[in-house]
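Observations on the three-dimensional arrangement
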Amino acid sequence: MSPRFLPERDRDIYRDATAMSIGICIVGVSFGALATAAGLPWWIPVGMSLLTYAATSQFAMLAVVLAGGGLIAGLAAGVLVHLRHIPYGLAVGDLYWGRWWTRLLGTFMLIDQSTAFALAAGADRRRAKTAYWVTTTIMFVAWNAGTLIGVLAGGFIPDPDVFGLDAAFPALLIALVLPSLKDRDTLLAVLAGAAVAVATAPFLPTGLPVLVALLGLLATWPRRGRKAASE
Amino acid sequence: MTMLAAILALAAGTYLIRLSGAVLRNRITLTPRAEAVLKAGAVVVLLALAATSTLLVEGAWAGWALPAGVLVGTALAWRKAPLAVVVIAAAATTALLRLAGIA
């Protein structure tokens, strides 16, 4: 199924990333169409997707601006939902920290999916690097192509929810991190963190609950202490 | 003009956020345990993101179709189904439930 020129050992990465990119493309179409339908000139959604490359931030800003909240409030919302990328950079930031241009580019390409794919590679550093770059490059193309199509399509706004794409994203993340949950400490932290995030989500501004989830790491502290003592 | 400034500001803001984590990480030498904690931290955030976007839409209950689709995807992932199958099954379940009139 995969073209010949792709290295055999990483074919599954290309396949999975391509499958995923279809959904991202449709979400991009809805972003472009939504912005254009609201009367914004074409270069605004296109420029945002090209320069920001962060779907949730772009939608957050667009939603606030379209609701009449103003640019500053929109900007604040966009930045707030992006803060989760700080722990991402801490976790996978070494994978692209080579030459100056891979640092610049790798930083720009840091997204949920590239982080999750890189983490799913586990201790295999070579595979983690490949997974990071391949998924994020395919996503970048899909996201920007989608935005452009949405702008050109004009009035037609596809609703990603009709295709169940809002279920595809969490399912993807869960599937990718599932292997790392074999580690009991991680599992404990994840369950505690998810509970905290869901419990606080109705009260906190979007973007903060997933950061408050990091408190879940504390759930493993007593165990870690005991482990260290017994070692 | 102000719109252009806002776009550039969002691009700069998101870039600086992306940069800060990586710069911090590459500045300090990590013990294997510290590295494990950082990786666990990213997993916690990714899973919290999955949990909140499964159960809640704009701070309120998302309805049954969305969590049902994610549950199907999770079960398939548990049985080691290929990722593409997991994602498509999750989306299809939710889409079909909505088509059947279940929110």
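Residues numbered from 1 in each chain as written. Chains lettered and ligands numbered in written order. Predicted model: local features only at pLDDT ≥ 70, side-chain atom pairs only at ≥ 80, totals over all residues.

A word on the overall build of chain A. Broken down by element type, chain A carries 12 helices and 0 strands. Going from N to C terminus, chain A has its helices and strands arranged as α-α-α-α-α-α-α-α-α-α-α-α. The globule rule puts the C-alpha radius of gyration for 231 residues at 17 Å, and the 19 Å found for chain A is close to it. Its C-alpha atoms give chain A principal-axis dimensions of roughly 65 × 50 × 40 Å. (Helix = DSSP H or I, 4+ residues; strand = E, 2+ residues; numbered from the N terminus. Rg over C-alpha atoms; globule rule 2.2 N^0.38 Å.)

So, about the packing of helix 5 (residues 85-92) of chain A against helix 1 (residues 2-27) of chain B. Between helix 5 of chain A and helix 1 of chain B, the shortest axis-to-axis distance is 7 Å and the interhelical angle comes to 35°. Once helix 5 of chain A is placed against helix 1 of chain B, the crossing between them reads as right-handed. Across from His-85, Ile-86, Pro-87, Tyr-88, Gly-89 and Leu-90 of chain A in helix 5 of chain A, the residues of helix 1 of chain B making contact are Ile-17, Arg-18, Ser-20, Gly-21, Ala-22, Leu-24 and Arg-25 of chain B. Taken together, the residues that form the contact of helix 5 of chain A with helix 1 of chain B break down as 7 nonpolar, 4 polar and 2 charged. (Axes fitted to C-alpha atoms, helices over the stretch in contact; angles between N-to-C directions. Left-handed = near helix turned anticlockwise from the far one by under 90°. Contact = placed C-beta atoms within 7 Å. Nonpolar A, V, L, I, M, F, W, Y, C, P; charged D, E, K, R; others polar.)

So, about helix 4 (residues 71-80) of chain A. Residue pairs three or four apart in sequence face the same way in an α-helix, which turns once every 3.6 residues. Taken together, the buried positions of helix 4 of chain A are Gly-74, Leu-75, Ala-77, Gly-78 and Val-79 of chain A. Contacts made by the buried residues of helix 4 of chain A are with helix 3 (55-66) of chain A together with helix 1 of chain B. (Buried ≥ 20, exposed ≤ 12 C-beta atoms within 10 Å, placed from the backbone.)

With that settled, consider the UniProt feature "transmembrane region" (unreviewed entry) in chain B. With numbering aligned to this structure, UniProt lists the feature "transmembrane region" (unreviewed entry) at residues 6-24, 36-55 and 83-102 of chain B. Here residues 83-102 of chain B runs as 85% helix and 0% strand, with 26 Å between its end C-alpha atoms. (UniProt positions renumbered as here; feature names shortened; annotations may be inferred.)

With that out of the way, let us pick up the packing of helix 9 (residues 165-177) of chain A against helix 4 (residues 83-99) of chain B. Put simply, helix 9 of chain A and helix 4 of chain B touch, their axes get as near as 8 Å, and they point 145° apart. Relative to helix 4 of chain B, the crossing made by helix 9 of chain A is right-handed. Residues Leu-165, Ala-167, Ala-168, Ala-171, Leu-172 and Ala-175 of chain A of helix 9 of chain A lie in contact with helix 4 of chain B, whose contacting residues are Leu-83, Val-86, Val-87, Ala-90, Ala-91, Thr-93 and Thr-94 of chain B. In terms of residue class, the contact of helix 9 of chain A with helix 4 of chain B is built from 11 nonpolar, 2 polar and no charged.

Here the focus is the domain arrangement of chain A. For an interface, size is often stated in terms of accessible area lost upon the parts coming together. Residues and elements named next belong to chain A. The assigned domain composition of chain A is domain 1 (8-178) and domain 2 (183-231). Computed over C-alpha atoms, the centres of domain 1 and domain 2 are 25 Å apart. Taken together, the contacts link 6 residues of domain 1 with 7 residues of domain 2. For the side of domain 1 that touches domain 2, the per-class residue count stands at 5 nonpolar, no polar and 1 charged. (Domains from an automatic or database assignment.)

A few words on the nonpolar core. Counting residues in hydrophobic clusters, the biggest one holds 101 residues, and the most contacted among them are Leu-173 of chain A together with Val-44 and Leu-47 of chain B. Broken down by element, the residue count for this core peaks at 12 residues, all from helix 2 (residues 32-55) of chain B. Inspection of this core shows a minimum of three residues originating in each of domain 1 (8-178) and domain 2 (183-231) of chain A. If we skip the residues at most four places from it in the chain, Val-44 of chain B touches Ala-189, Val-190, Gly-193, Ala-213, Leu-214, Gly-216 and Leu-217 of chain A. (Core = buried A, V, L, I, M, F, W, Y, C linked by C-beta atoms within 7 Å.)

Here we come to the interface of chain B and chain A. Between chain B and chain A, the contact holds 58 residues from the first and 71 residues from the second. Going through the elements one at a time, helix 1, helix 2, helix 3 (65-78) and helix 4 of chain B are the ones with two or more residues in the side of chain B that touches chain A. In terms of residue class, the side of chain B that touches chain A is made up of 38 nonpolar, 16 polar and 4 charged.

A word on the confidence of the model for chain B. Across chain B, pLDDT averages 93, with 99% of residues at or above 70. Among the scores for the predicted complex, ipTM is 0.94 and pTM is 0.91. (pLDDT = per-residue confidence, 0-100.)

Glancing now at helix 6 (residues 100-108) of chain A. Listed in full, the buried residues belonging to helix 6 of chain A are Gly-106, Thr-107 and Phe-108 of chain A. Of the surrounding elements, those touching the buried residues of helix 6 of chain A are helix 1 of chain B.

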